[in-house]
Amino acid sequence: MCSSDLLTEFKVFESHQWDLPEGWEGSERIIYREYVFKDFLTAMGFLNGVAEIANKMDHHPKMTIDFNKVLISTLTHDEGKVTHKDLDLASAANLLYHP
């Protein structure tokens, strides 16, 4: 990756770092959010929806489920940090969320 690519990547994150998608927290190393649902089946439906989107994006977050809660954390492993891929996935997960 050349220096101009690095600068572009930094600017992409810099432009979003103070504007993470609603409910998301983290740093330049990883972002995460917990989603809460009325029951287990609704939580599973959401998790499966995020999995389908993530697979299409070829970007696979860590997702855990605990009854009615889904925790998603993501970073771009190849880069070792948060990139536009993570921010796009976080935004897509938010669009699926209907508590």
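Higher on the page you've got the structure.
A brief report on the enclosed structure follows. (Residues numbered from 1 in each chain as written. Predicted model: local features only at pLDDT ≥ 70, side-chain atom pairs only at ≥ 80, totals over all residues. Heavy atoms only, no water.)

## Points about the pairing of strand β4 (residues 69–74)
Within a regular beta strand, the side chains point alternately toward one face of the sheet and then the other, so they alternate between its two faces. Summarising the sheet, strand β2 (residues 31–36) and β4 pair through 6 bridges and their orientation is antiparallel. When the bridges of β4 are listed, V36 appears paired with K69. Two elements, strand β3 (residues 62–66) and β4, share 5 bridges in a ladder whose sense is antiparallel. The partner of K62 across the bridge, within β4, is S73. Two successive antiparallel strands, β3 and β4, enclose a turn made up of 2 residues, where F67 displays a positive phi of approximately 55°. (Pairing = 2+ DSSP bridges. Helix = DSSP H or I, 4+ residues; strand = E, 2+ residues; numbered from the N terminus.)

## Brief notes about the packing of aromatic side chains
With the rule as written, the count across this model stands at 6 aromatic pairs. Relative to F46, the ring of Y35 has its centre 4.6 Å away and its plane inclined at 50°; by these criteria the two rings are tilted. Within this pair, whereas Y35 is found in strand β2, its partner F46 is found in helix α2 (residues 40–57), the two being separated by 11 residues in sequence. The pair formed by Y35 and F46 is uniform in burial state, with each residue classed as buried. Ring centres of F37 and F46 lie 5.0 Å apart, and the angle between their planes is 40°; on these two criteria the pair is classed as tilted. Grouping residues by exposure puts F37 and F46 together as buried. In textbook terms, an aromatic cluster arises when at least three aromatic residues are bridged by ring pairs, as seen for W24, Y35, F37, F46 and Y97. (Phe/Tyr/Trp six-rings, centres within 6.5 Å; stacked < 30°, edge-to-face > 60°. Buried < 20%, exposed > 50% of the residue type's maximum accessible area, 1.4 Å probe, protein only.)

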